[in-house]
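Residue strings, one per chain:
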Amino acid sequence: MDVGVGGALVVNNKQRAMLPNKGRGEFIRNQRKDSEGFSESPDLEFEYADTDRWAAELSELYSYTEGPEFLLNKKCFIEDFRTHVTDKKWTELDATQHRAHAMRLLDGLEVTAREKRLKVARAILYMAQGTFGECCSEAEVQHWMRYNIFLLLEVGTFSALVELLNMEIDNSAACSSAVRKPAISLADSTDLRVLLNIMYLMVETIQQEDEADKPEWRAARETFKTELGSPLYNNEPISVMLFGMVTKFCSGHAPHFPMKKVLLLLWKSILFTLGGFEQLQNVKIRRREELGLPPLPEDSIRVIRNMRAASPPASASDLIEQQQKRARREHKALIKQDNLDAFNEKDPYKSDDPREDEDDNDDNDNSLEAETFPLERDEVMPPPIPHPPSERVSFPKGLPWAPKVREKDIENFLESSRSKFIGYTLGNDTDTVVGLPRPIHESIKTLKQHKYISVAEIQIRKEEEFQKTPLSGGEEEVDMSPTELLYQGILPSLPQYMIALLKILLAAAPTSKAKTDSINILADVLPEEMPTTVLQSMKLGVDVNRHKEIIVKAISAILLLLLKHFKLNHVYQFEYMAQHLVFANCIPLILKFFNQNIMSYITAKNSISVLDFPHCVVHDLPELTAESLEAGDNNQFCWRNLFSCINLLRILNKLTKWKHSRTMMLVVFKSAPILKRALKVKQAMMQLYVLKLLKVQTKYLGRQWRKSNMKTMSAIYQKVRHRLNDDWAYGNADLDARPWDFQAEECALRANIERFNSRRYDKGQGNPDFLPVDNCLQSVLGQRVELPEDFQMNYDLWLEREVFSKPISWEELLQ
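Computed from a prediction, not measured in an experiment: that's the story for all the values here.

About the thresholds
Residues numbered from 1 in each chain as written. Predicted model: local features only at pLDDT ≥ 70, side-chain atom pairs only at ≥ 80, totals over all residues. Heavy atoms only, no water. Helix = DSSP H or I, 4+ residues; strand = E, 2+ residues; numbered from the N terminus. Buried < 20%, exposed > 50% of the residue type's maximum accessible area, 1.4 Å probe, protein only. Contact = heavy atoms within 4.5 Å. Areas by Shrake-Rupley, 256 points an atom, 1.4 Å probe, with all protein chains shown as cover. Expected span 1.5 Å × (residues − 1). Polar contact = N/O pair within 3.5 Å; in protein donor to acceptor, adjacent residues only side chain to side chain. Axes fitted to C-alpha atoms, helices over the stretch in contact; angles between N-to-C directions. Left-handed = near helix turned anticlockwise from the far one by under 90°. Nonpolar A, V, L, I, M, F, W, Y, C, P; charged D, E, K, R; others polar. Salt bridge = Lys/Arg side-chain N within 4 Å of Asp/Glu carboxyl O. Core = buried A, V, L, I, M, F, W, Y, C linked by side-chain atoms within 4.5 Å. Phe/Tyr/Trp six-rings, centres within 6.5 Å; stacked < 30°, edge-to-face > 60°. Lys NZ or Arg CZ within 6 Å of the ring centre and 35° of its normal. Parallel < 35°, antiparallel > 145°, perpendicular 65-115°, else oblique. Patch = residues over 30% accessible without salt bridge, like charges linked within 9 Å, V, L, I, M, F, W, Y side chains within 5 Å. pLDDT = per-residue confidence, 0-100.

Draft legend 1. Molecular detail of the overall build of the protein chain. A count of helices and strands for the protein chain gives 38 helices and two strands. When burial is assessed residue by residue, the protein chain has 51% of its 815 residues classed as buried. Residue pairs at least 24 apart in sequence account for 80% of intrachain contacts in the protein chain once pairs closer than 6 positions are excluded. Total accessible area on the protein chain stands at roughly 40500 Å², and carbon and sulfur atoms take up 53% of it.

And the structure:
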């Protein structure tokens, strides 16, 4: 089923974009007049974070088809509870009684009868869901969830759940039964879903920090975090076990696995044990201090949050109306400027259809080109809703990022300068400036002021030293952090894990067409009995689309977190994962994902708020109608879809940064028009990562593209970090580079990665050339060798058979 389009775009109420004056390269403000009929979307009030609100993350665990199971869990709990505590409610018991009952339920998980074990598991799930039957509000449900989950953690429930989950994973009968079934439904994954629900609720709730938490809860959180990241469960971290479930599902051996829940639990386990984006920033700062590097020039998260979005393109109808009104004016200012911009407005005039500019082959499709300059009009109207003066004053002047220069850039600049002015080169010498003109001295001084050395560069240098001097270099001290433990756990099967995640991402992408041979990711959303009415079909359609969106959200977050943590831990760990993503066609897959109406995807209304947990268990449900399902919610955008898009763009940036061969893949797959359409989303962070991807390939897109997209170029200049000496805007590219050069780049990187993995992790396959050898005859003969008793007793026989009875040719032996 295709993702539904939700809602029309609302009218812009705060449009201020910085646009260039082409003649002098200066930037002037453009304020759009809504009264003239230009309808645009406002800046999306979206704050990028590790996760959505806690309530939203809880609700996304359950499909709407699982709704009836809430009451089933409650029934199982009450039946067990009344047999032991007859006269009170759960909320009326004291802590001792709570603990005793939790221990009793935990003992019930060890029974051999599957049905009894499932009932006990459902009772525990009801506890983890906050014993909602005794609560009157959502806040009360969340309060009891925290209390009950920390109680379950204290009595050791999580370890018992991991053992049961392992049993279910290895349940060959369930796997073979599911493989033979023509259609798999919700009923095939019941046991797994109940276990994964409890585990997810525990991980998601315990990682939420609250100022009101007791000291013992905080201590329990840290202990649980350490245990999750350590190889305590089956001698591997919990994430490795979940990765194994993903590959088993994709191989077709376990099609009944509830993949959405597995991926959500995998994501939250990685997020909890390794840390989110702010923890990453803190670790990066600490790493730089340890390596003696200067501090970071700015906090990237803070800079991006303070950015404003650039203007998206106007539709063709708006542009035509704008032209007609302009023609009716008696007085015009700056006619020459109007002529300069005329070519920017040609292409949209071809058709009245506002979707015309969404064709893939539109080289002149101007994403940011539809703006007009304020000096082209008689007057400049203020925005419809005036902003307070303080906001205008605080609008950042100049460029948002400090420029950066690599050591390699300084070397290249000096080499070219020496060749040009003197005619000699000095290799890697960046200090000798004898004979160079004074302006070159000033340039080198400026470049060195902005020189940036990354943690990755230091790690590469150290690795080169270890490879050069394997004996004298000493033993490397490896910090056994959660990231290192996870990498060691997934290293043997990392290529299979990456392929499996991308397979599921492809199946969940809205641009994918249903194929008979593709994997079925809907096993845990389709009911046993298919819908019979239009309303049921609409509800299932919303559920299926929502299910796919949540899967995309989880996979994009998993991949981005792993890439960022591995890069900080060791750059070759990051490169190993990135290279296997590239080999598995991750770059064209992400471009395929964005080759859709991205604004429709971000504003999709695939949710039914009255059916979301915990709202659905504490309020009486209103009668659902086709109109209410079509209307959806009143949100300006869908948080999870915008989060997914930003994650996928960040992954694409990480895969292609400083990799010429992968940048050329963006060019070959014609990513420019696809990425430009994504600029229509008025969210600063998303636009920034799109502009970064456009910047790296600009020089390869040709002069005509650059000429037709000057305002996109201006947006890149305004928002993306400057690399001094980078000629991205001028097209001085090595266009004669051969394909085998790109292949050589990847092969060299692969060789470095394999040497790193072999040196650090393949202890059994050490290089025999570097192993110590004892050549001294005396020391060899002087070694005491322990011989077995039967050999000692039959020593005479052995001498007779192996020595005395065999002729020895001493002449041959001496030769």
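Picking up where we left off.
Draft legend 2. Representation of unusual backbone geometry within the structure. Note the cis peptide between F613 and P614, where omega equals 5 degrees. Within the fold, P614 resides in the loop between α25 (598-602) and α26 (615-618). Within the chain, N585 stands out as a residue other than glycine whose phi angle is a positive 65 degrees. Tracing the chain through its elements places N585 in the loop between α23 (571-583) and α24 (586-594). Overall, N585 belongs to the partly exposed group, its relative accessible area being 46%.

Draft legend 3. Seen up close, helix α31 (residues 684-697). Over its 14 residues, α31 runs 20 Å from end to end, which matches the ideal 20 Å to within 8%, given 1.5 Å per residue. Burial of α31 is extensive: 12 of the 14 residues sit out of reach of the surface. Inspection of α31 places A684, M685, M686, Q687, L688, Y689, V690, L691, L693, L694, K695 and Q697 among the buried residues, and these make up the whole buried set. The N-terminus of α31 is capped by Q683, whose side-chain oxygen sits 3.0 Å from the backbone nitrogen of M685.

Draft legend 4. Representation of the packing of α24 against helix α29 (residues 660-668) within the structure. Viewed as axis vectors pointing N to C, α24 and α29 meet at an angle of 35 degrees, and their least axial separation amounts to 10 Å. The chirality of how α24 crosses α29 is right-handed. In contact with I587, P588 and L591 of α24, α29 contributes R662, M665 and L666. A per-class count over the contact of α24 with α29 returns five nonpolar, no polar and one charged.

Draft legend 5. Highlighting the pattern of salt bridges. In total, this model carries 36 salt bridges according to the counting rule given. The partner of K451 in a salt bridge is E407, and the shortest N-O contact between them spans 2.7 Å. Here E407 lies in helix α17 (residues 407-421) and K451 lies in the loop between α18 (438-449) and α19 (455-468), a separation of 44 residues in the sequence. Residue K451 is classed as partly exposed on the basis of its relative accessible area, which comes to 34%. Notably, a salt bridge pairs R418 with E415, separated by 3.2 Å at the nearest N-O pair. A residue pair is termed a helical-turn pair when its members lie 3 or 4 positions apart in one helix, as R418 and E415 do in helix α17 at three residues. For the pair R418 and E415, a shared accessibility class is recorded, and that class is buried.

Draft legend 6. The arrangement of the nonpolar core in detail. Core analysis: the biggest nonpolar cluster contains 182 residues, and F158, L263, I504, F594 and M686 have the highest contact counts within it. In this view, F594 contacts C645, L648, L649, I674, A678 and M686; residues no more than four positions away in its chain are not counted. Counting residues in hydrophobic clusters, the runner-up holds eight residues, among them L414, L436, I440 and L447.

Draft legend 7. Representation of the packing of aromatic side chains in the model. Applying the stated criterion across every chain, the model contains 30 aromatic pairs. Centroid distance F593 to F594: 5.5 Å. Interplanar angle 80 degrees. Geometry classified as edge-to-face. Each member of the pair, F593 as well as F594, is classed as buried. On the basis of an interplanar angle of 90 degrees and a centroid distance of 5.3 Å, the ring pair of F593 and Y601 is categorised as edge-to-face. Put simply, the rings of Y62, F70, F77, F81, W90, Y126, F132 and F613 touch in pairs and so form one group of aromatic residues. Between the NZ or CZ atom of K567 and the centre of the ring of F574, over which it lies, the distance is 5.1 Å. Just above the ring of F466 sits the side chain of R759; from NZ or CZ to the centre is 4.6 Å.

Draft legend 8. Looking closely at the environment of A684. Take A684: it is sitting in helix α31. In this structure, the C-alpha to C-alpha distance between A684 and R308, residues 376 residues apart in sequence, is 5.4 Å.

Draft legend 9. Inspection of the packing of helix α5 (residues 138-154) against helix α9 (residues 215-229) at higher detail. α9 packs onto α5 with a crossing angle of 55 degrees between their chain directions and a minimal axis gap of 11 Å. Classified by the angle between their axes, α5 and α9 sit oblique to one another. Considering how the two elements wind past one another, α5 and α9 form a crossing that is left-handed. On α9, the residues that touch R146, Y147, F150 and L153 of α5 are W217, A220, R221 and F224. Of the residues belonging to the contact of α5 with α9, the class tally is six nonpolar, no polar and two charged.

Draft legend 10. Structural context of α17. With 15 residues, α17 should reach 21 Å at 1.5 Å per residue; the first-to-last C-alpha distance of 21 Å fits that figure. The set of residues buried in α17 consists of E407, D409, I410, E411, F413, L414, E415, S417 and R418. On its buried face, α17 sits against α18. At the C-terminal side of α17, G423 shows a positive phi close to 95 degrees.

Draft legend 11. Main features of the side chain of R418. R418 sits in the buried class, given a relative accessible area of 0%. Not counting the four nearest positions on each side in its chain, R418 is found in contact with G423, Y424, L426, D429, T432 and L436.

Draft legend 12. Here's a closer look at a nonpolar patch on the surface. Together, Y795, W798, V803 and F804 line one region of the surface with nonpolar side chains, adding up to about 380 Å² of accessible area. Note on placement: Y795 falls in helix α37 (residues 795-804). Look at Y795 and you get partly exposed, because its relative accessible area is 38%.

Draft legend 13. A look at the confidence of the model for the protein chain. Confidence along the protein chain averages 81 in pLDDT terms, with 80% of residues attaining 70 or more. Here residues 1-39 is modelled with pLDDT under 50, and outside its nearest four sequence neighbours on either side it reaches 129 contacts, counting other chains as well. Below a pLDDT of 50 lies the segment residues 330-396, which in the model reaches 141 contacts outside its immediate sequence neighbourhood of four places, other chains included.

Draft legend 14. Examining the environment of E92 more closely. Along the chain, E92 falls in the loop between α2 (68-84) and α3 (95-108). Separated by 42 residues in the primary sequence, E92 and E134 place their C-alpha atoms 10.0 Å from one another.

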